[in-house]
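# Chains, contacts and geometry: an overview
The residues making up each chain are set out below.
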Amino acid sequence: MLRDAVRSLAEAKIAPHAAAVDEEARFPREALDALTANDLHAVHVPEEYGGAGADALATVIVIEEVARVCASSSLIPAVNKLGSLPVILSGSEALKKKYMAPLARGEAMFSYCLSEPDAGSDAAGMKTRAVRDGDFWVLNGVKRWITNAGESEFYTVMAVTDPEKRSKGISAFVVEKSDPGVSFGAPEKKLGIKGSPTREVYLDNVRIPADRMIGEEGTGFATAMRTLDHTRITIAAQALGIAQGALDYAKGYVKERKQFGKPIADFQGVQFMLADMAMKIEAARQLTYAAAAKSERGDSDLTFQGAAAKCFASDVAMEVTTDAVQLLGGYGYTRDYPVERMMRDAKITQIYEGTNQVQRIVMARNLP
Ligand SMILES: Cc1cc2nc3c(=O)[nH]c(=O)nc-3n(C[C@H](O)[C@H](O)[C@H](O)COP(=O)(O)OP(=O)(O)OC[C@H]3O[C@@H](n4cnc5c(N)ncnc54)[C@H](O)[C@@H]3O)c2cc1C
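Let us look at the structure shown here. Predicted model, so just to flag it, every value in this text is computed and none were measured. (Residues numbered from 1 in each chain as written. Predicted model: local features only at pLDDT ≥ 70, side-chain atom pairs only at ≥ 80, totals over all residues. Heavy atoms only, no water.)

## So, the pattern of salt bridges
Counted under the stated rule, the structure contains 31 salt bridges. Close ionic contact of Glu176 with Lys98 constitutes a salt bridge, the shortest N to O distance being 3.7 Å. One end of the pair, Glu176, is in strand β5 (residues 170–176); the other, Lys98, is in helix α5 (residues 93–105), with 78 residues separating them in the sequence. Under the relative-accessibility criterion, Lys98 is labelled partly exposed at 48%. Measuring nitrogen to oxygen at the nearest pair gives 3.8 Å for the salt bridge that ties Glu340 to Arg335. (Salt bridge = Lys/Arg side-chain N within 4 Å of Asp/Glu carboxyl O. Helix = DSSP H or I, 4+ residues; strand = E, 2+ residues; numbered from the N terminus. Buried < 20%, exposed > 50% of the residue type's maximum accessible area, 1.4 Å probe, protein only.)

## Regarding the site of the ligand
Near the ligand there are 18 residues, and of these Ser115, Ser121, Trp145, Thr355 and Gln357 occur at the shortest range. Within the side chain of Ser115, an N or O atom sits 2.7 Å from a nitrogen atom of the ligand. At a separation of 2.8 Å, a nitrogen atom of the ligand approaches a polar side-chain atom of Thr147. About the coverage of the ligand: the protein hides 65% of its 980 Å² of free accessible area. (Near = heavy atom within 4 Å. Polar contact = N/O pair within 3.5 Å; in protein donor to acceptor, adjacent residues only side chain to side chain. Areas by Shrake-Rupley, 256 points an atom, 1.4 Å probe, with all protein chains shown as cover.)

## Structural notes on the packing of aromatic side chains
For any two aromatic rings, the description comes down to two numbers: the centre-to-centre distance and the angle of the planes. Within the structure shown, the criterion is met by nine aromatic pairs. Measuring from ring centre to ring centre gives 6.3 Å for Tyr99 and Phe110, while their planes differ by 75°; the resulting arrangement is edge-to-face. In this pair, Tyr99 sits in helix α5 while Phe110 sits in strand β1 (residues 110–113), placing the two residues 11 residues apart along the sequence. Note on accessibility: Tyr99 and Phe110 belong to one class, buried. Where Tyr253 meets Tyr337, the ring centres are 5.9 Å apart and the plane angle is 85°; that geometry is what we call edge-to-face. Taken as a pair, Tyr253 in helix α6 (residues 220–256) and Tyr337 in the loop between α9 (329–332) and α10 (339–348) lie far apart in primary sequence, 84 residues in all. Overall, the relative accessible area of 11% leaves Tyr253 in the buried class. On the basis of relative accessibility, which here comes to 22%, the residue Tyr337 falls in the partly exposed class. (Phe/Tyr/Trp six-rings, centres within 6.5 Å; stacked < 30°, edge-to-face > 60°.)

What follows is the structure, encoded as structure tokens:
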């Protein structure tokens, strides 16, 4: 029922704008409005904080179905979870009450600020500093590649509180867009997910009350990594949705397109490609849903499974979207058809929330 509801909404209210959002590289406002009106913009927020209380699998299905028509728009529910999960996992009751309610009501979005210009895969090498000053912390630094920066009201920011301790000297904070000293860089000009704003976040003597720290001092990096264990599964869902969208489009196209006097769907070479695409998508789906169940239960092998789902599903998305372009021939290579957008959008799923090389490091360290 949830899938049917999200699919109908996505096809009616999000899909019609997907090409323009990509072409104009603009924020998918129509998608945000439609998702918010239907309480689908941040479904993971627990009911006790005013949210829809969707479990990890339901959240995955929402993201998958939105990504099937518009990958940029699927980053609204996905990044709202990424940005707010540190608070849900490690924040005080007061922080949860304060920040989850506006998120659940659709009045504010949440972003996640881990990466920096010189700290990507090696996130613990971050330089952003937070220095205690009485009842306040003062933050200085640059966060890079922040999804929905400028659109979000709230930002989970990881910063160094004790430079001697490397990852154990990193703490997490909630920073608000309106805090004096917060500003944003120009939107990045990207290959894909062009409707999703990616900008730098500048922190210039941002003075915030001490109770905005998420969890204890020095636990920020652990919270950031624990968050990714859960949210990599949402990237797997995004990848899965993009791949399914490409397969669905190609499936229809091959029945219409005629060469050598018959639909190209009649050629076994084409049928084998479609079979492989569907097979890989189904494998990715099973892995992703199993990982979502593990996320919900908090199983001990979640770290491996989350990394495996993200890595596998994103590689599948890249293969399947490339094959979808192939099945449309020259037409697939143009912006008159959606599969080239899907191919460009798929690429990011192999890069963010840890590159697929990093996922393999994570898996190797946590072999079942
Ligand atoms: C569109 C977009 C949105 C993003 N959104 C966010 C966001 O909202 N919040 C956030 O915090 N970050 C975000 N990111 C950042 C993203 O997570 C990083 O780009 C990613 O982790 C890689 O870091 P990097 O770009 O510095 O690449 P690097 O770490 O410099 O990696 C370059 C290459 O080296 C490889 N490499 C690095 N180390 C190793 C190793 N030990 N072994 C093998 N290979 C290695 C990588 O796999 C990659 O191929 C976003 C990025 C993009 C492009």
